[in-house]
Amino acid sequence: MQWLMRIFFAASIGFQVPIKDFGNGTVIWQGLVFTLALLGKIGTGLLVPNFTQSGRFQGFHLRDVFVTGFSMAAEGEFAFVIAVFAVDSGLITKDLYASVVLAVLISTILPPFALRYTINRYNKKSEDKVQEAIKIEYHRQETLEHLTEDEREKQLRENILNDTTLFLCIQIQCKSAWGILPTI
């Protein structure tokens, strides 16, 4: 039933898009100006707090800013419904309606592609950091194999004093039972 509603919604909205008016220079100009409002939606990402160790608007905080901004920018269906109501009520002209629809289409189509690019780019950066950490750990393991027990103890003490060694204590509690994975 849900797929039928999607088809009905897409068809009813699709028939109201004034494609012939998109060739008018005034419609294109006004549509691009209205699309600048998209920058305001993307700007909402600037309000994302920094929960990473990188500087503000750098590294993975910048990723969070872009992901939030592009996610917010892809909302345009409601503006389209309001534009349809306004043109049917005679509040705006057909050319202004076409400009609004063009801006809504641009702001609905472009941000998902920008979001996908951002996610893929930062996933690649994360994979590169993991590979770098693997190389560092492999090199560390190789150097530790050649050290005596006293030399290892001395290096561990130096690393603890320099705050370069990290100890993790992980405690978990769960009920053990068959088939627990689907319930987690």
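To keep things clear, this report deals only with the structure shown in the data block. For every chain, the first residue of its written sequence is number 1, and the numbers climb from 1 along that sequence. Confidence filtering applies because this is a predicted model: local features only for residues at pLDDT of at least 70, side-chain atom pairs given and counted only at 80 or more, and all residues used for totals across whole chains, interfaces and linings. In computing side-chain properties, one takes all heavy atoms of the structure into account and sets aside hydrogens as well as water.

Thoughts on the layout of surface pockets
1) Next: Of the pockets and cavities examined, the largest pocket occupies roughly 260 Å³.
2) Next: Using only the protein atoms, space was sampled on a 1 Å grid; points where a 1.4 Å probe fits but cannot get out form cavities, open sets with protein on both sides within 12 Å along at least five of seven lines form pockets, and lining residues are those with an atom within 4 Å of a point. If you go around the largest pocket, the residues you meet are Arg140, Thr143, Leu144, Arg152, Gln155, Leu156, Asn159, Thr164, Thr165 and Phe167.
3) Next: Helix and strand definitions here come from DSSP, where helices need a minimum of 4 consecutive H or I residues and strands a minimum of 2 consecutive E residues; each element is numbered from the N-terminal end. Of all the secondary-structure elements, those providing two or more residues to the lining of the largest pocket are α6 (94–145) and α7 (149–161).
4) Next: When residues of the lining of the largest pocket are assigned to their parent elements, the largest contribution, 4 residues, is made by α7.
5) Next: Amino acid classes used here: Ala, Val, Leu, Ile, Met, Phe, Trp, Tyr, Cys and Pro are nonpolar; Asp, Glu, Lys and Arg are charged; the rest, including Gly, are polar. The class makeup of the residues in the lining of the largest pocket is 3 nonpolar, 5 polar and 2 charged. Grid points are joined across faces, edges and corners, and a volume is the space filled by probe spheres set on the points.

Overview of helix α2 (residues 25–35)
1) Next: Residue exposure (1.4 Å probe, protein chains only): buried if accessible area is under 20% of the type maximum, exposed if over 50%, otherwise partly exposed. Considered for burial, the residues of α2 that qualify are Val27, Gly31 and Thr35. Looking straight down α2, one finds its buried side chains confined to an arc of 70°; they lie on one side.
2) Next: Those residues of α2 hidden inside the fold are in contact with α3 (37–43) and α6.
3) Next: At the N-terminal end of α2, a side-chain oxygen is found 3.1 Å from the backbone nitrogen of Thr26, two or three residues along, and the residue is Asn24. Throughout, the arc means that of the directions going from the helix axis to the C-beta atoms. A contact between two residues is defined here by any heavy atoms of the two lying within 4.5 Å. N or O atoms within 3.5 Å of each other form a polar contact, as long as, within protein, one can give a hydrogen and the other can take it, and as long as residues adjacent in sequence are counted only when both atoms are side-chain atoms.

As for the packing of aromatic side chains
1) Next: Here a pair means two rings of Phe, Tyr or Trp (six-membered ring of Trp) with centres within 6.5 Å. Their orientation is stacked below 30 degrees between planes, edge-to-face above 60, and tilted elsewhere. Taken as a whole and assessed by the stated rule, the structure comprises 2 aromatic pairs.
2) Next: Here Phe60 and Tyr122 contribute two aromatic rings whose centre-to-centre distance is 6.1 Å and whose plane-to-plane angle is 55°, an arrangement assigned as tilted. A residue pair is termed long-range when its members are at least 10 positions apart, and Phe60 in helix α4 (residues 59–73) and Tyr122 in helix α6 qualify at 62 residues.
3) Next: A relative accessible area of 4% means that Tyr122 is categorised as buried.
4) Next: Ring geometry for Phe66 against Phe70: centres 5.8 Å apart, planes inclined by 15°, an arrangement best described as stacked. Taken together, the residues span about one helical turn, with Phe66 and Phe70 both in helix α4 at a distance of 4 residues.
5) Next: Judged by relative accessible area, Phe66 falls into the partly exposed class, the value being 31%.
6) Next: With relative accessibility at 14%, the residue Phe70 sits in the buried group.
7) Next: Look at NZ for Lys and CZ for Arg. If either is within 6 Å of the ring centre and within 35 degrees of the ring normal, a charge sits over the ring. A cation over an aromatic ring shows up here: Arg121 above the ring of Tyr122, its NZ or CZ 5.7 Å from the ring centre.

All we've got here are geometric facts, nothing functional implied.
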